[in-house]
Amino acid sequence: MTSQPPYSGVSLLQRLSEIAHKKANADAIVFLPEGDVTRSESCTYYELQQQAYAVATVLRERAQPGDRVVLLLPAGLDYFACAWACLLAGMVVVPMAVP
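To keep things clear, this report deals only with the structure shown in the data block.

## Examining the nonpolar core
So, point 1. Ranked by size, the top nonpolar core spans 23 residues in total, and within it L48, L59, V69, L71, W84 and M91 carry the most contacts.
So, point 2. Looking at this core element by element, the count peaks at 8 residues for helix 3 (residues 77–88).
So, point 3. Once you skip the residues sitting within four places of it in the chain, L59 turns out to touch V69, A85, C86, A89 and M91.

What follows is the structure, encoded as structure tokens:
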């Protein structure tokens with residue numbers, strides 16, 4: 001007999017929202033530019049979710065659900081907020097490497 005994973009059938013967007021609600025003040029991301037621990041940047045789940053909501057609002061004004069959104073951003077906190085925003089807006093994330 002195989003058991004179902006605890007979040008089987010739950011979308012990534014649903015899971016992110018659930019975690020942001022339960023752990024609002026916990027660090028969601030700690031980014032180490034160039035691996036330098038002394039220059040770490042972080043944001044909480046609440047901060048990340050609020051940034052994602054703001055970007056999603058702009059995306060909805062400029063595109064339609066199902067549209068593709070190219071994320072041409074360097075690694076960092078903004079990248080994660082924008083990727084989450086695309087999911088919130090019902091758009092498809094197309095990650096691209098910064099040249």
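The rest of the description comes next.
## Section: the layout of surface pockets
So, point 1. Quantified by volume, the largest pocket comes out at close to 180 Å³.
So, point 2. Secondary structure elements with two or more residues in the lining of the largest pocket: helix 1 (12–22), strand 1 (27–31), helix 2 (45–62) and helix 3.
So, point 3. Across the lining of the largest pocket, the residue classes break down as 10 nonpolar, no polar and no charged.

## Some words on helix 2
So, point 1. When the terminal C-alpha atoms of helix 2 are compared, their 26 Å separation across 18 residues agrees well with the 26 Å that a helix rising 1.5 Å per residue should span.
So, point 2. Buried residues of helix 2: Y45, L48, Q49, A52, A56 and L59, and no others. The buried residues of helix 2 occupy one face: seen down the axis, they fall within an arc of 90°.
So, point 3. Contacts made by the buried residues of helix 2 are with helix 1, strand 1, strand 2 (41–44), strand 3 (68–71) and helix 3.

## Thoughts on the packing of helix 1 against helix 3
So, point 1. Two elements in contact, helix 1 and helix 3, have axes separated by 10 Å at closest approach and are oriented at 120°. Considered as vectors, helix 1 and helix 3 are oriented oblique to each other. By crossing handedness, the relation of helix 1 to helix 3 is classed as left-handed. Residue-level contacts link L12, L13, L16, S17 and A20 of helix 1 to W84, L87 and L88 of helix 3.
So, point 2. Its residues assigned to classes, the contact of helix 1 with helix 3 shows 7 nonpolar, 1 polar and no charged.

## Some thoughts on the side chain of T44
So, point 1. Within the fold, T44 resides in strand 2.
So, point 2. Contact partners of T44, with chain neighbours within four places excluded, come to A24, N25, A26, D27 and A28.

## Overview of the environment of A63
So, point 1. Topologically, A63 is positioned in the loop between helix 2 and strand 3.
So, point 2. Judged by its relative accessible area of 16%, A63 falls in the buried class.
So, point 3. Between the C-alpha atoms of A63 and V94, which are 31 residues apart in sequence, the distance is 14 Å.

What counts, and where the lines are drawn
- Residues numbered from 1 in each chain as written.
- Predicted model: local features only at pLDDT ≥ 70, side-chain atom pairs only at ≥ 80, totals over all residues.
- Heavy atoms only, no water.
- Core = buried A, V, L, I, M, F, W, Y, C linked by side-chain atoms within 4.5 Å.
- Buried < 20%, exposed > 50% of the residue type's maximum accessible area, 1.4 Å probe, protein only.
- Helix = DSSP H or I, 4+ residues; strand = E, 2+ residues; numbered from the N terminus.
- Contact = heavy atoms within 4.5 Å.
- 1 Å grid on protein atoms, 1.4 Å probe; cavity = no way out; pocket = protein on both sides within 12 Å on 5 of 7 lines; lining within 4 Å.
- Points joined across faces, edges and corners; volume = space filled by probe spheres on them.
- Nonpolar A, V, L, I, M, F, W, Y, C, P; charged D, E, K, R; others polar.
- Expected span 1.5 Å × (residues − 1).
- Arc of directions from axis to C-beta.
- Axes fitted to C-alpha atoms, helices over the stretch in contact; angles between N-to-C directions.
- Parallel < 35°, antiparallel > 145°, perpendicular 65-115°, else oblique.
- Left-handed = near helix turned anticlockwise from the far one by under 90°.

Everything listed here is a matter of coordinates, which is why it stays silent on function.
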